[in-house]
Structure formats: structure tokens, C-alpha cells
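# Chains, contacts and geometry: an overview
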Amino acid sequence: MTRNEALQQASAAALRAHDLAVEAERLARHDDFRPQAPAFARAGTVWANTAQAYAAIAAALPEQAAQTTED
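Analysis parameters
- Residues numbered from 1 in each chain as written.
- Predicted model: local features only at pLDDT ≥ 70, side-chain atom pairs only at ≥ 80, totals over all residues.
- Heavy atoms only, no water.
- Helix = DSSP H or I, 4+ residues; strand = E, 2+ residues; numbered from the N terminus.
- Rg over C-alpha atoms; globule rule 2.2 N^0.38 Å.
- Buried < 20%, exposed > 50% of the residue type's maximum accessible area, 1.4 Å probe, protein only.
- Areas by Shrake-Rupley, 256 points an atom, 1.4 Å probe, with all protein chains shown as cover.
- Lys, Arg positive; Asp, Glu negative; His and termini not counted.
- Charge placed at Lys NZ, Arg CZ, Asp CG, Glu CD.
- Expected span 1.5 Å × (residues − 1).
- Contact = heavy atoms within 4.5 Å.

### With respect to the overall build of the chain
Counting secondary structure elements, the chain contains two helices and zero strands. Taken against the 2.2 N^0.38 rule, which gives 11 Å for 71 residues, the C-alpha radius of gyration of the chain at 18 Å runs more than 25% over that of a compact globule. Along the three orthogonal principal directions, the C-alpha set of the chain runs to about 70 × 15 × 10 Å. Every one of the 71 residues in the chain was classed for burial, and the buried ones make up 15%. In the form shown here, the chain has an accessible surface area of approximately 5,500 Å², with 54% of it arising from carbon and sulfur atoms. Positive and negative side-chain charges of the chain, numbering 6 and 9 respectively, have mean locations separated by a distance of 14 Å.

This is the structure in C-alpha cells:
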């Protein structure tokens, strides 16, 4: 895995966490769906933790240097 790939995975996981948090908030505002909100919030937390893990991996990986060809 390259640093860029790890950053892309972190970004995708953060977006998923955001979407689940928005859904949890929406569900929490409706009496009929309120019991479902905690499950969405927990799932969002898992994705947020995943984003943090990928960001940590990216931070530990070296930046890719531009490839040069020498003849």
C-alpha cells in the first residue's frame, strides 16, 4: 500500500462515517425511527476509527518520490 492509497482509503472511510452520522441524526429526530439511531451512530464510529487507522498508516509511509529514468 502506498501513502496515496492509504490517504484515499482514509478519505473514503471518513466520508462513510459522515454519511452514517447524518443518517443517525435524521433517525434520532423521528419518534418511529429513533431506536435505529444508535446502531447507525456505532457504525459511524467504526468507520471514523477506520479512517484514523488509515491516516496513521499513511503518516508512517514514505512519500512517493517522482520516478526518474536514467539511461
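### Observations concerning helix α2 (residues 37-60)
When the terminal C-alpha atoms of α2 are compared, their 35 Å separation across 24 residues agrees well with the 34 Å that a helix rising 1.5 Å per residue should span. Considered for burial, the residues of α2 that qualify are Ala37, Gly44, Ala51 and Ala58. Close packing links the buried residues of α2 with α1 (3-28).

### What about α1?
Owing to its 3.6 residues per turn, the α-helix brings residues three or four apart onto one side. Here α1 contains 26 residues, and its C-alpha end-to-end distance of 37 Å stays within 8% of the 38 Å for a straight helix at 1.5 Å per residue. Every buried residue of α1 is accounted for by Ala6, Ala10, Ala13, Ala17, Leu20, Ala24 and Leu27. Tucked into the core, α1 has its buried residues touching α2.

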